[in-house]
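One letter stands for each residue in the lines below.
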Amino acid sequence: MDSNTRPESMERITTKELADKFIEDKVAEVRAQVGDKKVLLALSGGVDSSVVAALLIKAIGKQLVCVHVNHGLMRKGESEQVIEVFKNGLDANLIYVDASDRFLDLLKDVDEPETKRKIIGGEFIKVFDEEARKLEGISFLAQGTIYPDILESDGVKAHHNVGGLPEDMQFELVEPVKLLFKDEVRVVGNALGLPESMVDRQPFPGPVLGVRCTGAITRDRLAALRESDAILREEFDTAGLTKQVWQFFTVVTDFRSTGVRNGKRVFDWPVIIRAVNTVDAMSATVPELDRNVLKKITDRILAEVPGVCRVLYDLSPKSPATIEWE
Ligand code: XMP
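Procedures and definitions
- Residues numbered from 1 in each chain as written.
- Predicted model: local features only at pLDDT ≥ 70, side-chain atom pairs only at ≥ 80, totals over all residues.
- Heavy atoms only, no water.
- Pairing = 2+ DSSP bridges.
- Helix = DSSP H or I, 4+ residues; strand = E, 2+ residues; numbered from the N terminus.
- Axes fitted to C-alpha atoms, helices over the stretch in contact; angles between N-to-C directions.
- Contact = heavy atoms within 4.5 Å.
- Buried < 20%, exposed > 50% of the residue type's maximum accessible area, 1.4 Å probe, protein only.
- Right-handed = clockwise from strand over helix to strand, strands pointing away.
- Core = buried A, V, L, I, M, F, W, Y, C linked by side-chain atoms within 4.5 Å.
- Domains from an automatic or database assignment.
- Buried area = accessible area lost by both parts, 1.4 Å probe.
- Expected span 1.5 Å × (residues − 1).

What follows covers the sheet that holds strand β3 (residues 93-98). The strand order β3-β2-β1-β4-β5 describes an open sheet built from five strands, whose pairing is parallel. The open sheet has two free edges, formed respectively by β3 and β5 (172-174), since each of these has just one partner strand. When the angles between neighbouring strand axes are averaged without regard to direction, this sheet yields 30°. Looking at chain direction, strand β4 (residues 138-142) and β5 are connected through three bridges and run parallel. When the sheet's bridge partners are listed, A142 is paired in β5 with V174. Sitting on the sheet, helix α3 (residues 78-89) is in contact with β2 (64-70) and β3, with an inclination near 165° to β3.

As structure tokens, then:
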């Protein structure tokens, strides 16, 4: 049996005790693999890379070098949370790269969804590669590969950080959670003391806000998207919906709509609320949300987010609609 096959005898990690045992074993394994060498990790702040980072910090401390690339398409507070949890909380060796301008300049006027994704993925690799080349003495590359990646995509952590890593990086891999399913990774993350908001994070596309700011991304619509998404998340939390709804976010369209503000006609952006329940993301239903919750979110977005005059709730199931808008 190769190291990419989960042994049938492997118990599912469902409790803190089992997670603690897993962590203890992996810490010893990683120390034996790495010795006194340095390990590099692209830390997106998603569940998998965060759990790998916390596990490796426990095993090898500052021998782990984390690089967090902010591509300017992160949700509100996400990069700040990575810095807070890892640099301030766990004293990680963390390099923060704010590449927002670089990404947004490249994406200017690009409206084709696949081209947007390719630009974001390609640029991510470039930025990460540039940072890696500045470092000396790196021998290993850590990755948050999980078992479904091995089962579904030949072991390539393609979606992990908007497009994988530079192909010519000749490092030995450290992949401590590669035989775990997502729910097990979350249990391990909890046992490692990572915040719930990081461990229970919803799935999202690598380019996150890039695919929710439809058409060519502009800074003003991106700001509206970030703020409206933060309001939606806050209000779902307040209403106790965060754990009941599988995935939820806002979308800002690239067409405008007429409105009236302070007695004057405006031509502003609509914001669309998307919320879905699903088991495997192959099909999805739209939850019946309390009208008062929807009204509060609508009122807050209209009052607090500049450039928005209309809020809609998308009632379309998958299929025929997809979960994301592009
Ligand atoms: P769709 O829009 O195809 O989305 O119904 C299904 C699920 O996949 C997520 N999604 C992505 N995840 N990389 C990812 O890792 C992507 O490029 C991507 N696009 C969509 C989406 O958020 C939903 O949960």
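In terms of residue burial, β2 counts as a mostly covered element, since seven of its seven residues are buried. The sheet contact formed by strand β1 (residues 38-42) and β2 spans four bridges and is parallel. Bridge pairing in β2 places L40 opposite V65. The parallel pair β1 and β2, bridged by helix α2 (residues 47-60), forms a crossover whose chirality is right-handed. In terms of strand pairing, β2 meets β3 through six bridges, oriented parallel. Residue pairing for β3: H68 is matched across the bridge by Y96. The handedness of the β2 to β3 crossover, carried by α3, is right-handed.

Moving on, we come to the nonpolar core. Judged by nonpolar contacts, the single largest core of 46 residues is most densely connected at L40, L73, L222, F236 and I301. A domain-level breakdown of this core finds at least three residues from each of domain 1 (16-199) and domain 2 (212-313). In terms of nonpolar packing, the next biggest core, distinct from the first, is built from 41 residues, V47, F140, V188 and M198 among them.

Moving on, we get to the domain arrangement of the protein chain. As far as domains go, the protein chain holds domain 1 (16-199) and domain 2 (212-313). Computed over C-alpha atoms only, the centres of domain 1 and domain 2 are separated by 29 Å. Taken residue by residue, the interface counts 14 residues in domain 1 and 13 residues in domain 2. Taking both sides of the interface into account, the surface hidden between domain 1 and domain 2 amounts to around 1200 Å²; carbon and sulfur atoms contribute 49%.

With that settled, consider unusual backbone geometry. Comment: phi is negative for the bulk of residues other than glycine, and the bulk of peptide bonds are trans. Of note, the bond from K318 into S319 is cis; its omega dihedral lies within 30 degrees of zero at -5°. Looking at where S319 falls in the secondary structure, it is placed in the segment after β9 (308-313). Cis geometry marks the peptide bond from S319 to P320; its omega dihedral reads 15°. You can see P320 is positioned in the segment after β9. Positive phi, normally seen in glycine, also occurs at V208, with a value near 30°. With respect to the helices and strands, the residue V208 is situated in the loop between α8 (196-199) and α9 (219-238). Backbone geometry at N262 places phi at a positive 50°, although glycine is not the residue there.

Taking 1.5 Å per residue as the helical rise, helix α5 (residues 113-134) with its 22 residues ought to reach 32 Å, and the 32 Å between its terminal C-alpha atoms agrees with that figure. Along α5, the residues classified as buried are K116, I120, G121, E123, F124, V127, F128, D129, E131 and A132. Buried-residue contacts for α5 involve β1, β2, β3, α4 (100-107) and β4.

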